[in-house]
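What follows is each chain in one-letter form.
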Amino acid sequence: MTVQISSLGEVADRFDVAVLDQFGVLHDGRRPFPEVNHALEWLRRTNKGLVILSNSGKRADLNRARIGSLGLDLRQDDHVVTSGEVCWHDLDSGVFVVSKNGPQRLFAIAGREGDAETWASGNRGVELVFDLESADAVLLMGVPGEGSAGNAENVLTQALDRDIPLVCSNPDRSRYLDGRIAPATGSLADTYSDRGGRVSWYGKPHGAVFDAVCSIFPDISRKRILMVGDSLEHDVAGARKAGLATAFVYGGIHASEFAGLTEGESIAERLEHLVGTFSGSEPDFALPILT
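Report on the accompanying structure.

Rules of the game
Residues numbered from 1 in each chain as written. Predicted model: local features only at pLDDT ≥ 70, side-chain atom pairs only at ≥ 80, totals over all residues. Heavy atoms only, no water. Phe/Tyr/Trp six-rings, centres within 6.5 Å; stacked < 30°, edge-to-face > 60°. Helix = DSSP H or I, 4+ residues; strand = E, 2+ residues; numbered from the N terminus. Buried < 20%, exposed > 50% of the residue type's maximum accessible area, 1.4 Å probe, protein only. Lys NZ or Arg CZ within 6 Å of the ring centre and 35° of its normal. Pairing = 2+ DSSP bridges. Axes fitted to C-alpha atoms, helices over the stretch in contact; angles between N-to-C directions. Contact = heavy atoms within 4.5 Å.

A few points about the packing of aromatic side chains
1) Next: Within the structure shown, the criterion is met by 3 aromatic pairs.
2) Next: When the centroid spacing of 5.7 Å and the interplanar angle of 65 degrees are considered together, the rings of Phe-96 and Tyr-202 count as edge-to-face. Remark: Tyr-202 occurs in the loop between β11 (199–201) and α7 (207–216) and Phe-96 occurs in the loop between α3 (83–93) and β5 (104–109); sequence separation between them is 106 residues.
3) Next: Of the residues examined, Phe-96 reaches a relative accessible area of 14% and is grouped as buried.
4) Next: Of the residues examined, Tyr-202 reaches a relative accessible area of 5% and is grouped as buried.
5) Next: Measuring from centroid to centroid gives 4.9 Å for Tyr-250 and Phe-258, while their planes differ by 35 degrees, and the two rings are tilted. Each of the two residues, Tyr-250 as well as Phe-258, counts as buried.
6) Next: Here a set of aromatic residues connected by ring pairs shows up, and it is made of Phe-248, Tyr-250 and Phe-258.
7) Next: Taking the ring centre of Phe-15 as reference, the NZ or CZ of Lys-48 above it sits at 4.7 Å.
8) Next: Sitting over the ring of Trp-88, Arg-59 keeps its end group 3.9 Å from the ring centre.

And the structure:
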């Protein structure tokens with residue numbers, strides 16, 4: 001049964017590490033939520049480990065810089081983990097391979113020109129290629145701008161015809177684009193899989209990113225690591241499967257569902273309905289915002 005709390009301080013004795021989702025928990029894409037920097041400082045003051053975990057196809061250093069540019073107070077010893085970073089390391093080390101014939105030849109689909117080259121820099125296991133015929137796999141790390149989104153779908157159709165596997169380094173199904181919700185990489189990868197394509201996933205709710213977080217704290221039980229996120233499908237379901245404790249922030253992407261409570265309906269009742277709809281995984285705790 002989910003325990004309703006108003007701040008992480010109420011359950012401070014239940015965890016040693018806080019793993020914080022980014023969008024919807026720390027910021028709204030433009031600025032930090034009001035109490036977030038205070039919450040980060042409280043975590044440090046109480047000697048809690050701190051990890052920012054993001055479904056971003058980019059490297060962790062770029063994500064750290066972006067977080068700072070939004071006004072979030074990150075310190076050098078705060079950890080930042082991205083799905084793109086974990087994918088990079090697994091390819092660099094040879095933990096993940098799609099072809100045994102030397103470096104993995106990847107045809108990359110990225111959000112902006114130069115993103116793939118920046119991501120691949122220094123990777124001993126990757127060679128970027130620019131035609132599908134020579135590719136071992138397609139790396140889907142971002143959705144191009146509005147004018148190029150159709151081109152990405154065309155590339156994936158051609159890749160499917162050639163039976164080329166797909167590596168998706170951001171499973172998020174939707175994104176904000178010009179103030180509206182638009183399909184994201186996860187949606188394209190889902191379609192690829194539904195049409196019979198082979199897909200390897202990096203990012204929440206899949207296990208590799210949670211394993212990477214836990215490897216930072218090898219002496220701490222997974223039950224003492226608390227995932228704080230606003231996605232029941234990605235944050236809560238993925239963390240529970242990985243053996244972590246979970247705290248659901250219902251003021252994030254599900255805020256509209258909780259804002260429309262009918263008379264006599266409780267947060268717990270609405271949460272129960274959403275759990276059945278999105279994940280089947282009930283969080284340990286629920287709170288309105290990160291405090």
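Things to note about the sheet that holds strand β7 (residues 137–140)
1) Next: One open sheet holds the 5 strands; their spatial order is β6-β5-β7-β8-β11, and the pairing between them is parallel. Only two strands of the sheet have a single neighbouring strand rather than two, namely β6 (126–128) and β11. Neighbour-to-neighbour, the strand axes of the sheet open up by a mean angle of 35 degrees, direction not taken into account.
2) Next: As paired elements, β5 and β6 share 3 bridges and run parallel to each other. Looking across to β6, one finds that Arg-105 is bridged to Glu-127.
3) Next: Where helix α6 (residues 185–194) meets the sheet, its contacts fall on β7, β8 (166–168) and β11, and the angle it forms with β11 comes to roughly 145 degrees.

Bear in mind that shape data such as this cannot, by itself, settle questions of function.
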